[in-house]
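# A structural walkthrough
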Amino acid sequence: MAVLPLLLCLLPLAPASSPSQPAAPSPCPRRCRCQTQSLPLSVLCPGAGLLFVPPSLDRRAAELRLADNFIAAVRRRDLANMTGLLHLSLSRNTIRHVAAGAFADLRALRALHLDGNRLTSLGEGQLRGLVNLRHLILSNNQLAALAAGALDDCAETLEDLDLSYNNLEQLPWEALGRLGNVNTLGLDHNLLASVPAGAFSRLHKLARLDMTSNRLTTIPPDPLFSRLPLLARPRGSPASALVLAFGGNPLHCNCELVWLRRLAREDDLEACASPPALGGRYFWAVGEEEFVCEPPVVTHRSPPLAVPAGRPAALRCRAVGDPEPRVRWVSPQGRLVGNSSRARAFPNGTLELLVTEPGDGGIFTCIAANAAGEATAAVELTVGPPPPPQLANSTSCDPPRDGDPDALTPPSAASASASASAKAADTAPPTDRGVQVTEHGATAALVQWPDQRPIPGIRMYQIQYNSSADDILVYRMIPADSRSFLLSDLASGRTYDLCVLAVYEDGATGLTATRPVGCSRFSTEPALRPCGAPHAPFLGGTMIIALGGVIVASVLVFIFVLLMRYKVHGGQPPGKAKAPAPVSSVCSQTNGALGPTPAPPAPEPAVPRAHTVVQLDCEPWRPSHEPMGP
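So, how was this worked out
Numbers given for residues are sequential positions, taken from 1 along each chain in its written order. For a predicted model such as this one, the threshold for reporting local features is a pLDDT of at least 70, and the threshold for listing and counting side-chain atom pairs is 80 or more; totals across whole chains, interfaces and linings nevertheless cover every residue. Hydrogens and waters are ignored; side-chain quantities use all the structure's heavy atoms. Disulfides are defined as cysteine sulfur pairs within 2.5 Å. Per the convention used, a helix needs a DSSP run of H or I reaching at least four residues, while a strand needs a run of E reaching at least two, with both numbered from the N terminus. For each residue, the accessible area found with a 1.4 Å probe, counting protein chains only, is set against the maximum for its type, and the residue is called buried under 20%, exposed over 50%, and partly exposed in between. Only Phe, Tyr and Trp rings take part, Trp by its six-membered ring, and two of them pair if their centres are within 6.5 Å. Stacked means planes under 30 degrees apart, edge-to-face means over 60, and tilted covers everything else. At least two DSSP bridges between two strands are needed for those strands to be called paired. By the convention used here, residues are in contact when the closest approach between their heavy atoms is within 4.5 Å. In this analysis a 1.4 Å probe is tested at points of a 1 Å grid over the protein atoms alone, and where it fits but cannot get out there is a cavity; an open set with protein on both sides within 12 Å along at least five of seven lines is a pocket; lining residues have an atom within 4 Å of a point. Grid points are joined across faces, edges and corners, and a volume is the space filled by probe spheres set on the points. Just so you know the grouping, Ala, Val, Leu, Ile, Met, Phe, Trp, Tyr, Cys and Pro go in nonpolar, Asp, Glu, Lys and Arg go in charged, and all remaining residues, Gly too, go in polar. As used in this record, nonpolar core signifies buried Ala, Val, Leu, Ile, Met, Phe, Trp, Tyr and Cys residues forming a set joined through side-chain atoms within 4.5 Å. Here the axes come from fitting lines to C-alpha atoms, over the contacting stretch only for helices, and the angles between their N-to-C directions go from 0 to 180 degrees.

## Details of the state of the cysteines
Using the criterion set out here, one finds 6 disulfides in the structure. Through a disulfide, C317 is tied to C366; the S-S separation comes to 1.8 Å. For the disulfide bridge between C317 and C366, the dihedral angle about the S-S bond is near -70°, and by the sign convention the bridge is left-handed. Within this pair, whereas C317 is found in strand 20 (residues 317-322), its partner C366 is found in strand 25 (residues 362-370), the two being separated by 49 residues in sequence. Given a relative accessible area of 0%, C366 falls into the buried group.

Next comes the structure, spelled out in structure tokens:
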């Protein structure tokens, strides 16, 4: 008890810790260098062989460098409570996963380097909390997807975004358009095939845009490009100049890129990949007059279609041009038809009505448009009641035709389907008088067109045709001195749309151009079926019944033969020998014994014995009162 007063006396002598005194610094992680003597605090661990973020980090650090390690993931607790961190480098690791909210406490972070890792996607929650981020480096990853909300928290402060050397095919262009303070945007060495018009119109502070080595065939005009001068080299350029790099793309040099060609440039690094006349030439060496387009030409459209109410209907329209035309549909009521609960419009020009109604009938208009103009075509749709049922086992057949069934016949002399062809001709749209199909058969057709002398410098003719039953457009190149061509390998009983184009050299520009000669529609004759030929299912059933009858008859004949043989052998099986009948012969031994020999007894079942050869002299039996011979 005497010790307690002594301790109470010594207790006031102990130094009291001040609440304002800073906490003791955490120990520096192994293989790292820490600067803790002066502010700001730094933890430097480059190339330290780390497999994960060290747990003993000083949470007061303002700079953390973890580059050139083997860190595979960033967890939620790895960077927790590091509210004063300004610079974080995780470059050249093996990071595949970043946990949602892993940077949520880094509200003061200015620069984040995640380049040289193995990230495949970036979600909406992985960059949450970076409200003061200015530099985000994500190059040299494997990014294939970037979420639309991934950059929401740093959209107003971000100045530098590097997404180069990834696998991006699409980007959230709407989200990128909200980066109002971005100065540098690196999109080079990705898989981008298109850029929407106006994607950069709101990036007023953009100073460098790099889209090198993608899959861009065209670059749409943008208000940003028209306001600022374009200079390829940053040296000597004014402060307000925009540095645009788009080399290494397969540019299609047509009229859509005239706006870019008219801008002043200081280099010639970009090249044209197409059309063939301009392929391989430097972009800035091509004259403006050579950036030309071709207006669309409708090459295929559906024939008049009749469907019962409640059934689906597919209307097809195909067009060619440079650039590739966009196809739209207008209903009989004059309204633009798009994707809805009852209709679907496909990029290839097909309009599918999922459920037809009586009010859907009428003339649908197909509009194919590109930068050079537009072309229209009409498709008639008739919606009626359901058709009457048809007999499945119809025995109707085609009358015989003399000669080769594939021989060409004039359209007016067709006998197999004269009435049907006349009815189809009444409803088909009128064809161009310049191109005519004079003769056609089941698999061939003869196409003729007039001489095109008014067109100078004709190099060749091009025939384009397509069947109403498929979407494959077939091309044929014809010499310039030809006025007809025989199409072969056609399908029987189909309707074809055919167009002839003249390929000539434009004297004004010296480029190759095309001019339509005319179009025509024709139908091949149906394949003939001989009269009286049974249907395939009926023929197959008959063969099965006949084969079964033959088998049953063979079995019955075999059983009958067995029964007859059984009766002939006296009820014994054919393989078993019958008992021998009594013989009237007398056999005697050769040792001279005389006298009659009694008849042999009935045979006994054969028993295997040793073979003994005995020679017997057998003579016919005589009565006993007759003398025997000497």
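## Thoughts on the packing of aromatic side chains
Under the criterion given, the structure shown has 8 aromatic pairs. Taking the centre distance of 6.0 Å and the plane angle of 85° together, the rings of F246 and F283 count as edge-to-face. In this pair, F246 sits in the loop between strand 14 (243-245) and strand 15 (251-252) while F283 sits in the loop between strand 16 (272-274) and strand 17 (294-301), placing the two residues 37 residues apart along the sequence. Residue classification places F246 among the buried positions, given a relative accessible area of 1%. Note on F246 and W284: the rings are 6.4 Å apart at their centroids and 65° apart in plane angle, and the pair reads as edge-to-face. Residue F246 is located in the loop between strand 14 and strand 15, and its partner W284 is located in the loop between strand 16 and strand 17; the two are separated by 38 residues in the primary sequence. For W284, a relative accessible area of 13% corresponds to the buried category.

## Regarding the sheet that holds strand 18 (residues 305-308)
With mixed pairing, the 5 strands of this open sheet are ordered in space as 18-26-25-21-22. The open sheet has two free edges, formed respectively by strand 18 and strand 22 (336-337), since each of these has just one partner strand. Here 5 bridges tie strand 21 (residues 326-330) to strand 25, and the two strands are oriented antiparallel to one another. Note on strand 25: the bridge partner recorded for V330 is T365.

## Quick word on the environment of M460
Mapped onto the secondary structure, M460 falls in strand 29 (residues 458-467). Ignoring sequence-local partners within four residues, the contact set of M460 consists of M477, I478, P479, A480, L501, A502 and V503.

## Observations concerning empty space enclosed by the protein
Enumeration according to the criterion identifies 1 cavity of 30 Å³ or more in this entry. By volume, the largest cavity amounts to about 60 Å³. Around the largest cavity, the lining comprises 13 residues; the ones closest to its centre are S26, C34, T36, V43 and D58. When residues of the lining of the largest cavity are traced back to their parent elements, those giving at least two are strand 1 (33-35) and strand 2 (42-44). Class assignment for the residues of the lining of the largest cavity results in 7 nonpolar, 5 polar and 1 charged.

## Describing the nonpolar core
The biggest cluster of nonpolar side chains holds 77 residues, and the ones touching the most others in it are L88, F103, L112 and F200. Going through the elements one at a time, helix 2 (173-176), helix 3 (223-227) and helix 4 (258-261) are the ones with two or more residues in this core. In terms of residue count, the dominant contributor to this core is helix 4 (3 residues). In this structure L112 touches L88, F103, L127, L130, L133, H135, L136 and I137, once residues within four positions along its chain are discounted.

## Quick notes on the sheet that holds strand 9 (residues 135-137)
Taken together, 10 strands build an open sheet; the order of strands is 1-2-3-5-7-9-11-12-13-14 and the sheet is mixed. Whereas interior strands pair on both sides, the edge strands pair on one side only; in this sheet they are strand 1 and strand 14. Along the sheet, successive strands turn relative to each other by an average axial angle of 5°, direction set aside. For strand 2 and strand 3 (residues 63-65), the ladder comprises 3 bridges, and the chain directions are parallel. The residue bridging L44 from the neighbouring strand is R65, located in strand 3.

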